[in-house]
Amino acid sequence: MSVSRERVVEKYAKAELGFWLYLMTDIILFASLFATYMVLRPNIAGGMSSSELFDPTFALAETVLLLMSSFTCGLAVLFLRFRYKSTGLTLLAVTLLLGGMFLFLEMYEFMEFIHEGQSWQTSGFLSGFFALVATHGLHITIGILWGLVLFWYIFKKGITANAMRRVSLFSLFWHFLDIVWIFIFTIVYLGAFV
Amino acid sequence: MSHADLKRLLISYCVGFTSALVLSLVAYFIVTFNLISSSVLTMAVLLLLAVMQLIIQLVCFLHLGLDRHSRDRTISIGFTLIMMLVIVVGSLWVMRNLDYRMGMSPEAMDEYMIRQNKKGF
């Protein structure tokens, strides 16, 4: 019993460090996209500038949604770890719902911009903007799919050691995406009005 | 893990969530109500707020610290953040410098090249 438990803990520690290192490479990816955006921002090529295009209140709504989602994700893992299956699964569902709402707002914003003729082909600024924000949105999309699979897995098989390891890694990913969004909110959306 | 741990972690998540929310709102109000007149100072304050939020989320949500369990992760993120700064600050520095040097009229560029040539590069 204690030997197998030790093995589970060790397996988790290895998986956690490995996944963490993947997240570190993702930081470098986002850093490059941030640098690209900041370099290209003045080049609006006759299109709209960042302060004409962005709405800080809309961005704040997205920020609050994602922050709440990150919070409920942490609570979901906590409750699952303490074997409260239904509470944990409910919180996981809320996490995915909030993430879905965030994604919907982001898509809506993109459609709005493209509708106004401000797509990624218009200027260097918009290319940088779409590349940065859509990469984040793509991560969120993958995260939601991953969360749905995990929800199904725990719902069917219960809180096994494998399920716990996977859902813990998922929460690392989800918290990480919220941290990236904080910088998008600050530098892209609020920075436009400074 | 006992129920005391559950309570401690719950409090940690709630503190993290509340302070992150407050910091986001402060940043938002600084910008929408134009609370700081100098734009350089505003950007510095916004970045400071973002970094505070980064640290709070790393500690409260991702449980980073210097104990045995999370030390490897803390060290690797420290290294990555340094690399991130090199990429971002380096790119901005190089590109701004290039922009400055290329943003002259053709005549000014000729003069500049001749002047640099006399210096022998």
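Residues numbered from 1 in each chain as written. Chains lettered and ligands numbered in written order. Predicted model: local features only at pLDDT ≥ 70, side-chain atom pairs only at ≥ 80, totals over all residues. Heavy atoms only, no water.

**Observations regarding the overall build of chain A**
On a plain count of helices and strands, chain A comes out with six helices and zero strands. Ordered by position in the sequence, the α and β elements of chain A form the string α-α-α-α-α-α. Scored against the burial criterion, the 194 residues of chain A give a buried share of 55%. Long-range pairs, those at least 24 residues apart, make up 81% of the contacts in chain A with a sequence separation of at least 6. (Helix = DSSP H or I, 4+ residues; strand = E, 2+ residues; numbered from the N terminus. Buried < 20%, exposed > 50% of the residue type's maximum accessible area, 1.4 Å probe, protein only. Contact = heavy atoms within 4.5 Å.)

**As for helix α4 (residues 85–115) of chain A**
The first and last C-alpha atoms of α4 of chain A sit 44 Å apart over 31 residues, in line with the 45 Å expected at 1.5 Å per residue. At the C-terminal side of α4 of chain A, G117 of chain A shows a positive phi close to 80 degrees. (Expected span 1.5 Å × (residues − 1).)

**Structural notes on the confidence of the model for chain B**
Of the residues in chain B, 98% reach a pLDDT of 70 or more, and the chain-wide mean stands at 91. For chain B, the element scoring lowest by mean pLDDT is helix α4 (residues 106–118) of chain B, at 86; helix α2 (residues 39–60) of chain B scores highest, at 95. (pLDDT = per-residue confidence, 0-100.)

**Here we look at the domain arrangement of chain B**
Looking at chain B, the domain boundaries give domain 1 (1–63) and domain 2 (71–121). Each of domain 1 of chain B and domain 2 of chain B has a C-alpha centre, and these two points are 32 Å apart. (Domains from an automatic or database assignment.)

**A short note on the nonpolar core**
F54, F129, I184 and Y189 of chain A are the most contacted members of the largest nonpolar core, which has 90 residues in total. Put simply, the parts of the chain that give this core at least two residues each are α1 (2–40), α3 (56–81), α4, α5 (124–157) and α6 (161–190) of chain A together with α1 (3–32) and α2 of chain B. For this core, the element with the most residues is α6 of chain A, which contributes 21 residues. (Core = buried A, V, L, I, M, F, W, Y, C linked by side-chain atoms within 4.5 Å.)

**Comments concerning the side chain of T95 of chain A**
Residue and element names in this part refer to chain A. Relative to the helices and strands, T95 resides in helix α4. On the accessibility criterion, T95 (0% relative accessible area) is buried. Of note is the side chain of T95, whose polar atom sits 2.8 Å from the backbone oxygen of L91. Leave out the neighbours within four places in its chain, and T95 touches S69, T72, C73 and W174. (Polar contact = N/O pair within 3.5 Å; in protein donor to acceptor, adjacent residues only side chain to side chain.)

**Regarding the interface of chain A and chain B**
Taken together, the 41 residues of chain A in the interface contact 45 residues of chain B. Approximately 3900 Å² of surface area, both sides summed, lies buried where chain A meets chain B, with 85% of it carried by carbon and sulfur atoms. Contact with chain B buries surface across chain A, with W20, F71 and F82 of chain A losing the most and accounting together for 16% of the total. For the pair chain A and chain B, the number of links is one salt bridge. (Buried area = accessible area lost by both parts, 1.4 Å probe. Salt bridge = Lys/Arg side-chain N within 4 Å of Asp/Glu carboxyl O.)

**Topic: the packing of α3 of chain A against α1 of chain B**
Running from N to C, α3 of chain A and α1 of chain B point in directions that differ by 175 degrees, and their axes come no closer than 10 Å. Between α3 of chain A and α1 of chain B, the angle is such that the two are roughly antiparallel. In this structure, α3 of chain A uses P56, T57, L60, T63, V64, L67, M68, F71, G74, L75, L78 and F79 of chain A to contact α1 of chain B, whose residues at the interface are L6, L9, L10, Y13, C14, F17, A20, L21, S24, L25, Y28 and T32 of chain B. Split into classes, the residues belonging to the contact of α3 of chain A with α1 of chain B amount to 19 nonpolar, five polar and no charged. (Axes fitted to C-alpha atoms, helices over the stretch in contact; angles between N-to-C directions. Parallel < 35°, antiparallel > 145°, perpendicular 65-115°, else oblique. Nonpolar A, V, L, I, M, F, W, Y, C, P; charged D, E, K, R; others polar.)

**Side note on the environment of E6 of chain A**
Looking at where E6 of chain A falls in the secondary structure, it is placed in helix α1. Note: C-alpha distance between E6 of chain A and H139 of chain A (133 residues apart in sequence) is 33 Å.

**Focus: the packing of aromatic side chains**
Summed over all chains, the structure comprises 28 aromatic pairs over all chains. Seen in terms of ring centroids, F113 of chain A and F129 of chain A are 5.8 Å apart; in terms of plane orientation they differ by 50 degrees. Their pairing is tilted. Of the two residues, F113 of chain A sits in helix α4 while F129 of chain A sits in helix α5, which places them 16 residues apart along the sequence. F129 of chain A matches F113 of chain A in its accessibility class, with the two residues each being buried. Residues F129 of chain A and F130 of chain A carry aromatic rings whose centres are separated by 5.4 Å and whose planes lie at 75 degrees to one another, so their mutual orientation is edge-to-face. Assessed through its relative accessible area of 5%, F130 of chain A is described here as buried. Counting every residue linked through ring pairs, the aromatic cluster contains Y37, F54, F102, F110, F113, W120, F125, F129, F130, W181 and Y189 of chain A. Taking the ring centre of Y153 of chain A as reference, the NZ or CZ of R166 of chain A above it sits at 5.1 Å. R73 of chain B extends its terminal NZ or CZ atom over the ring of W20 of chain A, reaching a point 5.1 Å from the ring centre. (Phe/Tyr/Trp six-rings, centres within 6.5 Å; stacked < 30°, edge-to-face > 60°. Lys NZ or Arg CZ within 6 Å of the ring centre and 35° of its normal.)

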